[in-house]
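# Residue-level structure breakdown
Listed below, chain by chain, are the residues.
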Amino acid sequence: MDRLTYSQEELLSSVAYDQPLIANGVRCHGGFVAGQYRSPRAALRGPAIAAWQAQLRARGVPLIEIASELVPPHYPSAAQGALLLREGVREPLVRTLTTIAIIEGFGAMIRDQRVPDLARCVVEPLEGTACAHLAAGLFEAHARDEAGHRSEGGHKQMWEAARDLALETPPVPNDVLMRLMTGRRGAARQRLFPQLDDAFEELLAVMVNVLVIEVFAADTFRWAEALLGDAEVSVRPREAAEVVGYIRSDESPHVEYLRTALSELRARTLRGEAGGELPGSAVVDGLLTRTLRVLTSQRPRLQREETHADIAAAIAGHRDAAGLLRRFEALDEPWTPPDLDASPPRLVQ
Ligand SMILES: [Fe+2]
Ligand SMILES: [Fe+2]
């Protein structure tokens, strides 16, 4: 069995690069070894996650998987985005790309996530697991990947670079952050398992939420690589799509450590605050189903409505507004959220 315990320093260490990644003139994390892009902080984080997953397999514990049919397609589609850009309607896409960059930067908040004493919350031991490393390297590495660290840009800066490479440093609407902040004030999260320690349920809910967001982001990457890599509408298609591809490969450890840690907890017994025990599977599956319900229906619907309003407003200034709107709508690919009751969280051995 490979090593199961790592120091924070080890989980944050990168391979030695021949060349750093410079995206549109900005020094970013990661770099190249023999011409191949290698993600930052991956020298031992990748092997560590693989070892924790191998440990689960050896014990016959399944890994949680979010089925790809649950992923809502990006709106507007790449074809709709390309139509808008060909017709000179740029602002809605600049807004979308800028919003993605800002949200990536918010990812730094994961380093502030409180991890309560897990020995108090979980009956079985957690030594040598991903769970035991959350507050000891995994959250910090994740935060640095998203928001950058010291002099190196992270995903926030890489998305800005991809946008600026493809669209020649377009003017950015000045209310992007403001709208994001006012739109984000959701209601406080309801407790689903009030028997659990408050901070422990909060930790689990955040991990489940971030896992689903990370998995769903895969579609945004496909969308951006297609659109920003389209030579008809992108000024530097190869470079822009490459930067998105680098971000995509950096996301893989995020999905993997989160689903590993949640699968570890799923196979254990959770301790109630006032005594009593709960199977981890009931808690993790319950939280996962709740998150998937919101993120496959309500959230894409609201996002679509808001984006559609922006696009319609931007199209209104086009010389043939009615015709362009018709062509835009004709490219629409309707999508129905899957029935979650018919497809419980998928497990793989
Ligand atoms: Fe990211
Ligand atoms: Fe991520």
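Now for a look at the structure at hand. Bear in mind the structure is a predicted one, so any value in this text is a computation, not a measurement. (Residues numbered from 1 in each chain as written. Chains lettered and ligands numbered in written order. Predicted model: local features only at pLDDT ≥ 70, side-chain atom pairs only at ≥ 80, totals over all residues. Heavy atoms only, no water.)

### Focus: the coordination of the iron ion (ligand 2)
Around a metal, the idealised angle for a tetrahedral arrangement of four donor atoms is 109.5 degrees; for an octahedral arrangement of six donor atoms it is 90 or 180 degrees. Surrounding the iron ion (ligand 2) are the protein donor atoms E146 (OE), E214 (OE), E214 (OE), E251 (OE) and H254 (ND1), which sit 1.9 to 2.4 Å from the metal. Written as a sequence motif, the donor residues of the iron ion (ligand 2) are E-x67-E-x36-E-x2-H. Separating the iron ion (ligand 2) and the iron ion (ligand 1) is a distance of 3.3 Å, and E146 donates to both of them. Placement of the pair is E146 in helix α6 (residues 134–147) and H254 in helix α10 (residues 237–266), with a sequence separation of 108 residues. Given a relative accessible area of 4%, E146 falls into the buried group. Classification of H254 as buried rests on a relative accessible area of 0%. (Donors = N, O, S within 2.8 Å, 3.2 Å for Na, K, Ca; no water. Helix = DSSP H or I, 4+ residues; strand = E, 2+ residues; numbered from the N terminus. Buried < 20%, exposed > 50% of the residue type's maximum accessible area, 1.4 Å probe, protein only.)

### A word on the sheet that holds strand β1 (residues 19–23)
Spatial strand order, β1-β2-β3: three strands in an open sheet with antiparallel pairing. Looking at the sheet topology across the chains shown, the edges are occupied by β1 and β3 (36–38). Neighbour-to-neighbour, the strand axes of this sheet turn through a mean angle of 50°, independent of strand direction. As judged from the three bridges shared by strand β2 (residues 26–33) and β3, these two strands associate in the antiparallel manner. In the sheet register, G31 faces β3, and the bridge partner there is R38. (Pairing = 2+ DSSP bridges. Axes fitted to C-alpha atoms, helices over the stretch in contact; angles between N-to-C directions.)

### Looking at the packing of helix α9 (residues 198–228) against α10
Where α9 meets α10, the closest approach of the two axes is 9 Å, and the angle between their N-to-C directions is 155°. Looking at the two axes, α9 sits roughly antiparallel to α10. Viewed along their axes, α9 and α10 form a crossing whose handedness is left-handed. (Parallel < 35°, antiparallel > 145°, perpendicular 65-115°, else oblique. Left-handed = near helix turned anticlockwise from the far one by under 90°.)

### Concerning the packing of aromatic side chains
In total, this model carries seven aromatic pairs according to the counting rule given. Seen in terms of ring centroids, F32 and Y246 are 5.6 Å apart; in terms of plane orientation they differ by 80°. Their pairing is edge-to-face. Highlighted residues: F32 in strand β2 and Y246 in helix α10, separated in sequence by 214 residues. Judged by relative accessible area, F32 falls into the buried class, the value being 13%. Aromatic pair Y37 and Y246: ring centres 4.3 Å apart, planes at 20°, arrangement stacked. In this pair, Y37 is assigned in strand β3 and Y246 in helix α10, connecting sequence segments 209 residues apart. Of the two residues, Y37 and Y246, neither departs from the other in class, the shared state being buried. In this structure an aromatic cluster arises from ring pairing among F32, Y37 and Y246. Over the ring of Y75 we find R304, and its NZ or CZ is 4.3 Å from the ring centre. (Phe/Tyr/Trp six-rings, centres within 6.5 Å; stacked < 30°, edge-to-face > 60°. Lys NZ or Arg CZ within 6 Å of the ring centre and 35° of its normal.)

### Notes on the state of the cysteines
Two cysteines whose sulfur atoms are joined by a covalent bond form what is called a disulfide. Tallied over the entire structure, the rule returns zero disulfides. Distance from the sulfur of C121, which forms no disulfide, to the nearest cysteine sulfur (C131) is 11 Å. For C121, a relative accessible area of 2% puts it in the buried group. For C131, a relative accessible area of 3% gives the class buried. (Disulfide = S-S within 2.5 Å.)

### Remarks on the coordination of the iron ion (ligand 1)
Donor atoms from the polypeptide that bind the iron ion (ligand 1) are E104 (OE), E146 (OE), H155 (ND1) and E251 (OE), placed at 1.9 to 2.2 Å. All donors of the iron ion (ligand 1) belong to a single chain; written as a sequence motif, their spacing is E-x41-E-x8-H-x95-E.

### Regarding the packing of helix α7 (residues 155–167) against α10
Between two packed helices, what matters for the description is the angle formed by their axes and the separation of those axes. It is the contact of α7 with α10, at a shortest axis distance of 8 Å, that shows an interaxial angle of 160°. When the axes of α7 and α10 are compared, the pair comes out roughly antiparallel. Crossing of α7 over α10 shows left-handed handedness. Here H155, M158, W159, A162, L165 and A166 of α7 come into contact with α10, specifically with E239, A240, V243, V244, Y246, I247, D250, E251 and H254. When the residues that make up the contact of α7 with α10 are grouped by side-chain class, the tally is ten nonpolar, two polar and three charged. (Contact = heavy atoms within 4.5 Å. Nonpolar A, V, L, I, M, F, W, Y, C, P; charged D, E, K, R; others polar.)

Everything listed here is a matter of coordinates, which is why it stays silent on function.
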